[in-house]
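Understanding the architecture of this molecule
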Amino acid sequence: MAEEGAVGRRGERAEESPAERGPGAAFHMFVLMEDLLDKLKLLSYEEEALRRHNMRPISRHYFALPTNPGEQFFMFCTLAAWLISKAGHPFEEPQECDDPNAVISNVLSELRSFGRPVDFPPSKLKTGCGEQVCYVLDCLAEEALKHTGFSWKRPAYPTEEPEEEEITEDDDAELTLSRLEDDVAEEESDNEENCIDLNVLKAQTYRSNMNDTAKQEEILQSTIDAAEWNLEVERVLPQLKVTVRTDNKDWRIHVDQMHQHKDGIDSSLKETRGYLDKLHNEISRTLEKINSREKYINNQLEHLVQEYRSAQALLSEAKEKYQEGSGGVTERIRVLSEVTEALEKVKQETEEKGSSMTDGAPLVKIKQALTKLRQETIQMDIQIGVMEHTLLQSKLKEKSNMTRDMHAAVIPEATVSSILQNQWISSVSESQDT
């Protein structure tokens, strides 16, 4: 029953919008991921699912934060397939080459078959992280736990028996600050590790409040003897003595160390200052000797320096003359190269002209052109003769037609004579033209 109530609450939280869930909705996936990891550990996912694929165990926030989308999506598909198989439904293990849309649709169809609502688009699962991924895996893990027969139970807390405190009287008993801090830290860690039910805590606080009120009413009138109180104070006083141990991180110790180092530096400086003064005096005397020797050498070698300077001047003049002469030589070399190029051009032109004068190729070409012209004129004459013969035949044919027409009809003599005269004139003119 507790499990069904928890499932219903998670389903309601998954269906609600972030605005309705409040400002803590952004951190809901982290809580859901931690619950999922606990359930996977109960199902022994490391031995059954991860070891088969040679994968590392996931962290507490693996599916809550985006780190590597490809790896997270493959891990999601692998765990979903294993949980579905663990819940009693056969499901084929996905491969890296499978279509992600097909794998997601198969997982969501199996989730719907368990009666779980799916009110988000399938594209939310492609990233391999987020609240939807944690929700799907959490639902499948719960179905797998149901199938294996696991049920959640209320935690059983051990009953703590009150221990009698034995106070040992010791004159040398001391309570140090470090031990007191360690005891407080241990008590805080124990309080954090122990999980207390809210109902039990409310009952305890109610009883403590009632006891406090009863005690306050009781102590309004004191019934303890003052002598006994003073005796108890003297007996417990040695144990309440607090001694502060020196800590190396205290600033007072640092100041004392600074003064000690300063005194050591001052004492060592007095010893080393004398050595440094002696060294300074020796270096200054050595520098004076070097300067005097330099002056002596310069005075002794003055005439050699003058000779060297005069030689340097002569060398510079010779270099200038050499540069001037080399400049004239380069100019003359350039002129010579231009003259040789012009001479080569003239030689080439004279060779071309001599070869063209002694060569009979142009005459042969002229003869060939003349023969070609003769052949063309002969062909033209033949064509002209053919055309004249064709024209004469056409004229004779016209005359014969005219004579046939004359014999067929009666024509006056004047008309016949004029027609014959015109034909005779036209034939004469055509013969003259040809």
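Above this note sits the structure.
Observations regarding the packing of helix α5 (residues 69-86) against helix α7 (residues 131-148)
Put simply, α5 and α7 touch, their axes get as near as 8 Å, and they point 25° apart. Classified by the angle their axes make, α5 and α7 are roughly parallel. Judged by the sense of rotation from one axis to the other, the crossing of α5 with α7 is left-handed. Taken together, the residues of α7 that come into contact with α5 (itself represented by Phe76, Leu79, Ala80, Leu83, Ile84 and Lys86) are Val133, Val136, Leu137, Leu140, Ala141, Ala144, His147 and Thr148. Residue composition of the contact of α5 with α7, by class: eleven nonpolar, two polar and one charged.

Some details on a nonpolar patch on the surface
Taken together, the side chains of Tyr296, Ile297, Leu301, Leu304 and Val305 make up a nonpolar region of the molecular surface, amounting to roughly 440 Å² of accessible area. Looking at the nonpolar patch, the elements with two or more residues in it are α11 (251-300) and α12 (302-358). Turning to its location among the elements, tyrosine 296 is positioned in helix α11. The exposure class of tyrosine 296 is exposed, given its relative accessible area of 52%.

Things to note about the packing of aromatic side chains
Applying the stated criterion across every chain, the model contains three aromatic pairs. Between tyrosine 62 and phenylalanine 63 the ring centres are 4.9 Å apart and the planes differ by 85°, which places this aromatic pair in the edge-to-face class. For the pair tyrosine 62 and phenylalanine 63, a shared accessibility class is recorded, and that class is buried. On the numbers, 6.4 Å between centres and 85° between planes, the contact of phenylalanine 120 with tyrosine 135 is edge-to-face. Placement of phenylalanine 120 in the loop between α6 (100-113) and α7 and of tyrosine 135 in helix α7 is noted, with a sequence separation of 15 residues between them. For tyrosine 135, a relative accessible area of 6% puts it in the buried group.

With respect to the packing of helix α3 (residues 28-42) against α7
At a minimum axis distance of 9 Å, the contact between α3 and α7 shows a crossing angle of 30°. In terms of orientation, α3 and α7 fall into the roughly parallel class. Like other packed secondary-structure pairs, α3 and α7 cross with a definite hand, here left-handed. In this structure, α3 contributes His28, Met29, Leu32, Met33, Asp35, Leu36, Lys39 and Leu42 to the contact, and α7 contributes Glu131, Cys134, Tyr135, Leu137, Asp138, Ala141, Glu142 and Leu145. Looking at the contact of α3 with α7 residue by residue, the classes come out as ten nonpolar, one polar and five charged.

Some thoughts on the state of the cysteines
All chains considered together, the criterion is met by zero disulfides. Cysteine 134 supplies the cysteine sulfur nearest to cysteine 129, a cysteine that is in no disulfide, at a spacing of 8.5 Å. Cysteine 129 sits in the buried class, given a relative accessible area of 12%.

Some thoughts on the side chain of aspartate 138
Within the element layout of this structure, aspartate 138 appears in helix α7. For aspartate 138, a relative accessible area of 2% corresponds to the buried category. Polar side-chain contacts of aspartate 138 include one of 2.8 Å to the side chain of lysine 39.

Quick notes on the side chain of glutamate 142
By the secondary structure assignment, glutamate 142 is in helix α7. Residue classification places glutamate 142 among the buried residues on the basis of a relative accessible area of 2%. At 3.1 Å, the side chain of glutamate 142 and the side chain of arginine 116 are in polar contact.

Thoughts on the pattern of salt bridges
Using the criterion set out here, one finds ten salt bridges in the structure. With a shortest N-O distance of 2.8 Å, lysine 39 and glutamate 142 are connected by a salt bridge. With lysine 39 in helix α3 and glutamate 142 in helix α7, this residue pair connects regions lying 103 residues apart in the sequence. A salt bridge links arginine 116 to glutamate 143, with the shortest nitrogen-to-oxygen separation between them at 3.1 Å. Remark: glutamate 143 occurs in helix α7 and arginine 116 occurs in the loop between α6 and α7; sequence separation between them is 27 residues. Judged by its relative accessible area of 9%, arginine 116 is buried. The class of glutamate 143 is buried, set by a relative accessible area of 11%. A single salt-bridge network, built from bridges that share partners, covers Lys39, Arg116, Asp138, Glu142, Glu143 and Lys146.

Rules used in this analysis
- Residues numbered from 1 in each chain as written.
- Predicted model: local features only at pLDDT ≥ 70, side-chain atom pairs only at ≥ 80, totals over all residues.
- Heavy atoms only, no water.
- Axes fitted to C-alpha atoms, helices over the stretch in contact; angles between N-to-C directions.
- Helix = DSSP H or I, 4+ residues; strand = E, 2+ residues; numbered from the N terminus.
- Parallel < 35°, antiparallel > 145°, perpendicular 65-115°, else oblique.
- Left-handed = near helix turned anticlockwise from the far one by under 90°.
- Contact = heavy atoms within 4.5 Å.
- Nonpolar A, V, L, I, M, F, W, Y, C, P; charged D, E, K, R; others polar.
- Patch = residues over 30% accessible without salt bridge, like charges linked within 9 Å, V, L, I, M, F, W, Y side chains within 5 Å.
- Areas by Shrake-Rupley, 256 points an atom, 1.4 Å probe, with all protein chains shown as cover.
- Salt bridge = Lys/Arg side-chain N within 4 Å of Asp/Glu carboxyl O.
- Buried < 20%, exposed > 50% of the residue type's maximum accessible area, 1.4 Å probe, protein only.
- Phe/Tyr/Trp six-rings, centres within 6.5 Å; stacked < 30°, edge-to-face > 60°.
- Disulfide = S-S within 2.5 Å.
- Polar contact = N/O pair within 3.5 Å; in protein donor to acceptor, adjacent residues only side chain to side chain.

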